[in-house]
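Survey of secondary and tertiary structure
Chain residues, written in single-letter form:
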Amino acid sequence: MLQFLNLRIFPIFHPLFGLTLLLIPFVSPSQSGGFPEKPNVIFIITDDQHRESFGFIENKALTPNIDRIAREGIYFSQCYVAASVCTPSRYSCLTGQYASRCRTPRFLDGITPEGQTRVTWNISLAENQRILPHLLQQVGYKTGMVGKWHLGGISDQFQSVPPGSDPTNAQVTRILKENQENYCRALRKKYGWDYAAAVYRANLDGDRSLRNTGLDVHNMEAMTQAGLEFIEDNQDHPFFLYFSTTLLHYPEVYKSLNADPRIGPAGLMERPITGIQPSRESVLQRAAEAGVTGRAVEATWLDDGIGALIHKLEELGIAENTLVIYFNDHGMDYGGKGTCYQGGILTPAIAYWPGTIKPASEERLIQNVDFMPTILQLSGAEVPADMKIDGRNLVPLFTREVVEWRSSIYSEIGYVRCVVTDDGWKYFAFRVPPSSLRPLEERMAAQLLNHERLRKEEPWWMEFVEIDPEARFFHLGLSPGGTAFEQDPFRPGAQQGEWHDPAPWRHNYFDQDQMYQISTDPLEITNLAKHPAYAHKLLEMQNVLKNYLNQLPGTFAELKP
């Protein structure tokens, strides 16, 4: 485990319990308040949830089951992701590592001549890389994976079909079924899963076999059914369920609610899945009766599936021996996805464990790299000596006893590196490597070439893309002039949760150094790195960042030559 020189002893306050304290890191379960031995673990990771889709946060969504586990468990209000897009976020959850430790050929090929890494969707798991389910299997756990994977390595035998293919055609039906079987088989063989079902290789619209048949449609019931089957089959011994929903990511969830309910991850089913959670029709009815409007309606469909899992634990009498961790893969507010702004890296997380975890609201800094070492600690599994773990064990926060805890977190994306400190400050550096700073004519030519590719392959993006006369690189560093995804937060009328205007931080976006006092400026409007009066604070924050960079692969301009 990486140990930084920024540890502090912290109390935690919750109005129900008064002033209590946290415990030492990596204490054994037997020493930490009598945790059940080898508890079951359900790790729920959702996709692209705005804060308005959590009823207990903004009171705009009907999510009684999610609200319940937040109320009866620990709500981590200061949970940060190590990278703010879905693939590296998932990588960190299953490895306990920052994504820049990835060693796959695709990622390594993207390292610049200067040695600077670039974390985007180019992250995947390496062949024979040991991850969380492998280590849990070694101590007797049954492991199950349901839903969205998006970490590569399962497309070896992927078969596509031409655009406009009829999903009822016998040959197309066979291909879709075989794709699903191949995905599940590869997950079991390569990545430590005893069970895999209702698997989506990546985003729905990113799977050409589904997109070309018009079946790139969410099916919450299919994922819920698979999760329930795994729990029932493994109720008599320790299990780990990685429940990774496609909701609430694009394609538009509302359309899926009204789509043919027979559409599933393996093509058209003979009949819809019913009886395991409330009907789709009731989702719309209940939301309307509760006065829920807009995109927040979609969260009720997700919540129904979560509720079905919780109710199954209670029905089987194993709820008190099961830790449920709920995590949204990254932030989605104020155009922050794919950046290091607060809207992208700050995301809700919950730990729920009846009879073991008492209700609390935790404001200490945690990250998604923390989940793996926490689960390993509780399972009794050991971290191999040659495995790098960047996260910290969260068990001390579950018990709220005295502990030395981190005073900062680190996040990375594209050409940006960032730190947030527990005193309400944030610094990030945006450094485009010299090898990418070609003459304007070359960058402009590359931008136009990318636009032409979009026009042919993904024409629906064209209405969102404008030509940047300076052909600048954006934070992700994907293409000169930025991609449609990167440009989106600058567009008037963009819809990002309750935000309907261009991003509040847009005037600072291209500044190389940015520093914000997020305790008083949460929308990151005023870049204090520009002000001479904060020069000392800027240097202090840069040194915090250097501490992280020096322990991670890659160079980063003058901050890590």
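Everything discussed here concerns the structure shown above.
Everything in this summary refers to the structure shown in the same document. The structure presented is a predicted model; accordingly, all values stated were derived computationally and were not measured.

**Here we look at the overall build of the protein chain**
When helices and strands are tallied, the protein chain shows 17 helices and 20 strands. Scaling as 2.2 N^0.38, a compact globule of 561 residues should have a C-alpha radius of gyration of about 24 Å, and the protein chain matches this with 23 Å. Contacts in the protein chain between residues at least 24 apart in sequence constitute 73% of all its contacts with a sequence separation of at least 6.

**Focus: the packing of helix α10 (residues 280-289) against helix α11 (residues 298-316)**
Their axes nearest at 9 Å, the elements α10 and α11 cross at an angle of 120°. As far as their axial angle goes, α11 and α10 are oblique. Regarding α10 and α11, the two cross each other, and that crossing is right-handed. Facing α10, whose interface residues are Arg 280, Val 283, Arg 286 and Ala 287, α11 presents Thr 300, Trp 301 and Asp 304. Residue classes in the contact of α10 with α11 are distributed as 3 nonpolar, 1 polar and 3 charged.

**So, the sheet that holds strand β9 (residues 239-244)**
Strands pair in a sheet through their backbones, by hydrogen bonds, and they do so in one of two ways: parallel or antiparallel. Pairing is mixed across the open sheet formed by 8 strands, whose spatial order is β8-β7-β9-β4-β12-β13-β5-β14. Of all strands in the sheet, those with a lone pairing partner are β8 (195-200) and β14 (360-362), marking the two edges. Ignoring which end each strand starts from, the neighbouring axes of this sheet average 10° apart. With 5 bridges joining them, strand β7 (residues 142-148) and β8 adopt parallel strand pairing. Bridging across to β8, Val 146 finds its partner in Ala 197. On the sheet, helix α3 (residues 86-95) packs against β4 (40-46), β7, β9 and β12 (322-328) and is oriented at approximately 165° with respect to β4. Its contacts with the sheet put helix α13 (residues 371-379) on β4, β9, β12 and β13 (349-352), and the angle it makes with β12 is roughly 175°.

**Remarks on helix α8 (residues 220-233)**
The end-to-end C-alpha distance of α8 is 20 Å, a good match for the 20 Å that 14 residues give at a rise of 1.5 Å each. When you tally the buried positions in α8, you get 10 out of 14 residues, the bulk of the element. Buried residues of α8: Met 220, Glu 221, Ala 222, Met 223, Thr 224, Ala 226, Gly 227, Leu 228, Phe 230 and Ile 231, and no others. On its buried side, α8 packs onto β4, β7, β8, β9, α10 and α11.

**Regarding the state of the cysteines**
Counting across every chain of the model gives 0 disulfides. With no disulfide of its own, Cys 340 has Cys 418 as its nearest cysteine by sulfur position, at a separation of 4.5 Å. The buried category is assigned to Cys 340, whose relative accessible area is 0%. The class for Cys 418 is buried, based on a relative accessible area of 0%.

**Thoughts on unusual backbone geometry**
Apart from glycine, the bulk of residues carry a negative phi angle, and the bulk of peptide bonds sit in the trans form. The amide bond that connects Leu 247 to the next residue, Leu 248, takes the cis arrangement and shows omega of 10°. Among the structural elements, Leu 248 can be located in the loop between β9 and α9 (253-257). Along the chain, Tyr 250 connects to Pro 251 via a cis peptide bond; the corresponding omega equals 5°. Among the structural elements, Pro 251 can be located in the loop between β9 and α9.

**Some words on the pattern of salt bridges**
Within this structure, the stated rule accounts for 27 salt bridges. Salt bridges here are not isolated pairs; linked through shared partners, they connect Asp 47, Arg 90, Lys 148 and Asp 329.

**With respect to the packing of helix α2 (residues 64-72) against α11**
Orientation of α2 relative to α11, taken along the N-to-C sense of each, is 55°, at an axis distance of 7 Å. Comparing their axes, α11 and α2 come out oblique. Of α11, the residues touching α2 (which contributes Pro 64, Asn 65, Ile 66, Arg 68 and Ile 69) are Asp 303, Asp 304, Ile 306, Gly 307, Ile 310, His 311 and Glu 314. When the residues that make up the contact of α2 with α11 are grouped by side-chain class, the tally is 5 nonpolar, 3 polar and 4 charged.

**Thoughts on the sheet that holds strand β18 (residues 416-421)**
What the 4 strands build is an open sheet, ordered β17-β18-β19-β20; its pairing is antiparallel. Strand pairing shows two members of the sheet lacking a second neighbour, β17 (408-413) and β20 (513-517), which therefore form its edges. Within this sheet the neighbouring strands show an average axis-to-axis angle of 15°, counted without direction. Bridge analysis of β17 against β18 gives 6 bridges, and the strand direction is antiparallel. Paired with Ser 408 across the strands is Thr 421, a residue of β18.

**Points about α2**
By the burial criterion, the buried members of α2 are Asn 65, Ile 66, Asp 67, Ile 69 and Ala 70. Those residues of α2 that are buried are in contact with α1 (55-58), β5 (74-76), α11, β12 and β13.

**Considering the side chain of Thr 224**
Among the secondary structure elements, Thr 224 is positioned in helix α8. Ignoring any residue separated from it by four or fewer positions in sequence, one finds Thr 224 in contact with Phe 243, Ile 276, Gln 277, Gly 305, Ala 308 and Leu 309.

Reading the values: the criteria
Residues numbered from 1 in each chain as written. Predicted model: local features only at pLDDT ≥ 70, side-chain atom pairs only at ≥ 80, totals over all residues. Heavy atoms only, no water. Helix = DSSP H or I, 4+ residues; strand = E, 2+ residues; numbered from the N terminus. Rg over C-alpha atoms; globule rule 2.2 N^0.38 Å. Contact = heavy atoms within 4.5 Å. Axes fitted to C-alpha atoms, helices over the stretch in contact; angles between N-to-C directions. Parallel < 35°, antiparallel > 145°, perpendicular 65-115°, else oblique. Left-handed = near helix turned anticlockwise from the far one by under 90°. Nonpolar A, V, L, I, M, F, W, Y, C, P; charged D, E, K, R; others polar. Pairing = 2+ DSSP bridges. Expected span 1.5 Å × (residues − 1). Buried < 20%, exposed > 50% of the residue type's maximum accessible area, 1.4 Å probe, protein only. Disulfide = S-S within 2.5 Å. Salt bridge = Lys/Arg side-chain N within 4 Å of Asp/Glu carboxyl O.

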